[in-house]
Amino acid sequence: KNLILSMIKDVSDVILEQYTAGNPYPETWDIESMQNMIESTLAISEKFNLLTLPKDEIENLSKDSLAVSLIENATELYEEIESSIGQTQMRQLERVVLLETIDKKWTEYLDIVEQMRQGIYLQSIGGFDPVQAFNKEAFSLFEETMQEIRFIVITELIRLGLGKKIEQEIKTQD
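Residues numbered from 1 in each chain as written. Predicted model: local features only at pLDDT ≥ 70, side-chain atom pairs only at ≥ 80, totals over all residues. Heavy atoms only, no water.

Asker: Sorry, what's going on with a negative patch on the surface here?
Answerer: Together, E27, D56, E57 and E59 give the surface a local cluster of negative charge. Residue placement: E57 occurs in helix α3 (residues 55-59). (Patch = residues over 30% accessible without salt bridge, like charges linked within 9 Å, V, L, I, M, F, W, Y side chains within 5 Å. Areas by Shrake-Rupley, 256 points an atom, 1.4 Å probe, with all protein chains shown as cover. Salt bridge = Lys/Arg side-chain N within 4 Å of Asp/Glu carboxyl O. Lys, Arg positive; Asp, Glu negative; His and termini not counted. Charge placed at Lys NZ, Arg CZ, Asp CG, Glu CD. Helix = DSSP H or I, 4+ residues; strand = E, 2+ residues; numbered from the N terminus.)

Written out as C-alpha cells, the structure reads:
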C-alpha cells in the first residue's frame, strides 16, 4: 500500500509539473488539460475539479497547495476503494496490476535497449563515444519506463478498484 501511495504522490507531482510548466502563476497554467489528465489518471473530478473554481480562486492557487489537495483527494479515493472492497482484495489487486504492468513495460524496455545496442556503433561515426551515448539513452529510457509504470499502475488500480467498489455496492443493495 505504501508503494502505491508513493506512486500517487509521484504521479500527482508529474501532472502538476507538466501542466504548470514550473510557472508559479496560475493564470499561465493549462487548467483544462490539467483537469482532464487528473480525471483520466486519478478519477477524482467529483472531489477535485479545477474547472468549477471561480477565476479569483484559481488566481490565488499555489502549486504547493494544489499538490497537497490533489494528493489528499487521490489518497482519500484510494482508501475509500480499499475500505469498500477490503484490504485483502486490494492487496491482491495491487500485486496483479503491478506485476503485469512491470512485466509488460520491462519487456518493451529490453526490446528497445536491444535495438539501441545494435545501432549504437553509428554514434562513433558521428564522433561520440558509443558507450556513453548508449548509457545516457538507456538511462533516459529507463526513467521514462518507470514513469509510465507509475501512471499505468495508478490509473488501472483506481479504474479496477472503482469497478469492484460499484460491484460491492450493487451486491449490498440486492
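Asker: Would you take a moment to explain the pattern of salt bridges for this structure?
Answerer: A side chain of one charge can pair with a side chain of the opposite charge when the charged atoms of the two come close. Summed over all chains, the structure comprises 12 salt bridges. For the salt bridge of E108 with K105, the shortest nitrogen-to-oxygen distance reads 2.9 Å. Taken together, the positions of E108 and K105, both in helix α5 (residues 87-119) and three residues apart, correspond to about one turn of that helix. For R159, the salt bridge is made with E156, and the minimal N-O distance between the two is 2.5 Å. Note that R159 and E156 are positioned in helix α7 (residues 130-173) at a spacing of three residues, about one turn of the helix. The class for E156 is partly exposed, based on a relative accessible area of 25%. Look at the salt bridges and you will find they share partners, linking K1, E79, E82, R91 and E94 into a network. (Buried < 20%, exposed > 50% of the residue type's maximum accessible area, 1.4 Å probe, protein only.)

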